[in-house]
Amino acid sequence: GEDVEQSLFLSVREGDSSVINCTYTDSSSTYLYWYKQEPGAGLQLLTYIFSNMDMKQDQRLTVLLNKKDKHLSLRIADTQTGDSAIYFCAESITPNFNKFYFGSGTKLNVKP
Amino acid sequence: NAGVTQTPKFRILKIGQSMTLQCAQDMNHNYMYWYRQDPGMGLKLIYYSVGAGITDKGEVPNGYNVSRSTTEDFPLRLELAAPSQTSVYFCASSYTGQEVGYTFGSGTRLTVV
């Protein structure tokens, strides 16, 4: 499998911005994804970016992709306590079938 | 619209016992997957299916079996449970275009003692 790496923990104060980082190894990644997992729940797709894009913005979420460095980040503006969760980065490599490789997840703790 | 439904939510097995984790989706998705999530680790693909009657191994298939007799159902079977299979198991489904991503079930927490 491919290596997708994330830092394990991030703690921010409510109202601040959060930046969650991810690195991947396969330069032929076609899509890169961010998923959110709340306690006791499955993973929920937050956003995705195609590999020929540098940035994608969706309301409070901004995804930045540095393909040269194989670095993906998720910025959450005005972080709220409801954003506390585990965030997974994932990459999809094979265009003919949806095979994803997931990072180990970053646990975001938002302090009031 | 129920999405992806997994049962049971929790289960404790003794070493050597067998069980089937159920997964059903009602979105007419052709792709279905089984992942396991170990503490502090990412999700690892166990098996996947691209349509009824077609299954294939993922990264960590040993100790598991699957079948896909219908589009809706994708059960995962553990034949001889081992402590190494203690994990949270997620079923997911998707419909062709990979940009859509997966729809996940809420998971089955399995403990083998």
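Summary of the structure given here. Every chain is numbered independently, its residues counted from 1 as its sequence is written. Going through the entries in the order they are written, you letter the chains from A and number the ligands from 1. Residue-level local features of this predicted model are given only where pLDDT is at least 70; pairs of side-chain atoms are given and counted only at 80 or more, and the full residue set underlies all totals for whole chains, interfaces and linings. Calculated side-chain values reflect all of the structure's heavy atoms, with hydrogen atoms and water omitted.

**Concerning the overall build of chain A**
Threshold: Runs of H or I in DSSP of at least four residues are treated as helices and runs of E of at least two as strands, each being numbered from the N terminus. Values of the radius of gyration come from C-alpha atoms, whereas the globule rule sets the reference at 2.2 Å times the count of residues to the power 0.38. Throughout this description, buried means an accessible area under 20% of the type-specific maximum (1.4 Å probe, protein chains only), exposed means over 50%, and partly exposed covers the range between. We call two residues in contact whenever any of their non-hydrogen atoms come within 4.5 Å of each other. For the area figures, the Shrake-Rupley method with a 1.4 Å probe applies, and any residue is considered shielded solely by the protein chains shown.
Tallying secondary structure elements over chain A gives zero helices and eleven strands in all. When the helices and strands of chain A are read in sequence order from the N terminus, they spell out β-β-β-β-β-β-β-β-β-β-β. In summary, chain A has a C-alpha radius of gyration of 13 Å against a globular reference of 13 Å for 112 residues, a match within 12%. Across its three principal axes, chain A shows a C-alpha extent of roughly 45 × 30 × 20 Å. Taken over 112 residues, chain A has a buried fraction of 46%. Look at the contacts in chain A between residues 6 or more apart in sequence, and 55% of them connect residues 24 or more apart. On chain A, roughly 5,400 Å² of surface is accessible, and the fraction owed to carbon and sulfur atoms is 47%.

**A closer look at the sheet that holds strand 3 (residues 19-25) of chain B**
Sheet strands pair via backbone hydrogen bonds, and the direction of the pair is either parallel or antiparallel. Residue and element names in this part refer to chain B. Heads up, the condition is: A pair of strands is considered paired only if DSSP assigns at least 2 bridges between the two. Each axis is a line fitted through C-alpha atoms, taken for helices only over the stretch in contact, and angles between the N-to-C directions span 0 to 180 degrees.
Ordered in space as 1-3-8-7, the four strands form an open sheet in which the pairing is antiparallel. Single-partner strands in this sheet number two, and they are strand 1 (4-7) and strand 7 (64-66). Across the sheet, the mean angle from the axis of one strand to that of its neighbour is 20°, orientation sign disregarded. One ladder, built from three bridges, connects strand 7 with strand 8 (residues 76-78); its direction is antiparallel.

**Remarks on the pairing of strand 6 (residues 54-57) of chain B**
Residue and element names in this part refer to chain B. Sheet analysis places strand 5 (residues 43-51) next to strand 6, joined by three bridges and oriented antiparallel. Residue pairing for strand 6: Tyr47 is matched across the bridge by Lys57. Linkage of strand 5 to strand 6, two consecutive antiparallel strands, is achieved through a turn of two residues, within which Gly53 is found at a positive phi near 85°.

**Overview of the state of the cysteines**
Residues and elements named next belong to chain A. In plain terms, the rule: Working definition: a disulfide is two cysteine sulfur atoms within 2.5 Å of each other.
Applying the stated criterion to the full structure yields two disulfides over all chains. Here Cys22 connects covalently by a disulfide to Cys89, the sulfurs 2.0 Å from one another. Taking the torsion about the sulfur-sulfur bond, which here is approximately -65°, the covalent link between Cys22 and Cys89 counts as left-handed. Of this pair, Cys22 sits in strand 3 (residues 18-24) while Cys89 sits in strand 9 (residues 85-92); the two residues are 67 residues apart in sequence, bridging distant segments of the chain. Of the residues examined, Cys22 reaches a relative accessible area of 1% and is grouped as buried.

**Some words on the nonpolar core**
Rule in force here: Working definition of a nonpolar core: buried Ala, Val, Leu, Ile, Met, Phe, Trp, Tyr and Cys residues. They are joined through side-chain atoms within 4.5 Å.
Membership of the largest hydrophobic core comes to 21 residues, with the highest contact counts inside it found for Trp34, Leu72, Leu74 and Tyr87 of chain A. Put simply, the parts of the chain that give this core at least two residues each are strand 3, strand 4 (31-37), strand 7 (61-66), strand 8 (71-76), strand 9 and strand 11 (106-111) of chain A.

**Topic: the pattern of salt bridges**
Residues and elements named next belong to chain A. Here is the rule: Salt bridge, as used here: a side-chain nitrogen of Lys or Arg that lies within 4 Å of a carboxyl oxygen of Asp or Glu.
Following the criterion strictly, the structure yields five salt bridges over all chains and no others. Salt-bridge contacts for Asp69 lead to Lys68; the nearest nitrogen and oxygen are separated by 3.6 Å. Exposure remark for Asp69: the relative accessible area of 48% places this residue in the partly exposed category. Residue Lys68 is classed as exposed on the basis of its relative accessible area, which comes to 73%.

**What to know about the sheet that holds strand 6 (residues 55-58) of chain A**
Residue and element names in this part refer to chain A. With antiparallel pairing, the five strands of this open sheet are ordered in space as 1-3-8-7-6. Of all strands in the sheet, those with a lone pairing partner are strand 1 (4-6) and strand 6, marking the two edges. For this sheet, the mean inter-axis angle between neighbouring strands, taken without regard to orientation, is 15°. Examined bridge by bridge, strand 1 and strand 3 share three bridges and lie antiparallel to one another. The residue bridging Glu5 from the neighbouring strand is Thr23, located in strand 3.

**Concerning the interface of chain A and chain B**
Note the cut-off: Summed over both partners, the accessible area lost on bringing two parts together, with a 1.4 Å probe, is the buried area. Here a polar contact is recorded for every N or O atom pair within 3.5 Å, except that within protein the pair must consist of a potential hydrogen donor and a potential acceptor, and residues adjacent in sequence are included only if both atoms are side-chain atoms. All amino acids are sorted into three groups, where Ala, Val, Leu, Ile, Met, Phe, Trp, Tyr, Cys and Pro are nonpolar, Asp, Glu, Lys and Arg are charged, and the leftover types, Gly among them, are polar.
Across the boundary between the two partners, chain A contributes 26 residues, which contact 24 residues of chain B. Summing both sides of the interface, chain A and chain B together bury roughly 1,900 Å²; the carbon and sulfur share of this comes to 55%. The tally of links from chain A across to chain B stands at zero salt bridges. For the interface between chain A and chain B, the tally reads three residue pairs in polar contact (both at pLDDT 80 or more). Per element, the largest residue contribution to the side of chain A that touches chain B is four residues, and it comes from strand 4 of chain A. The residue inventory of the side of chain A that touches chain B, partitioned by class, reads 14 nonpolar, eleven polar and one charged.

Read these as layout, nothing more, since geometry by itself doesn't imply function.
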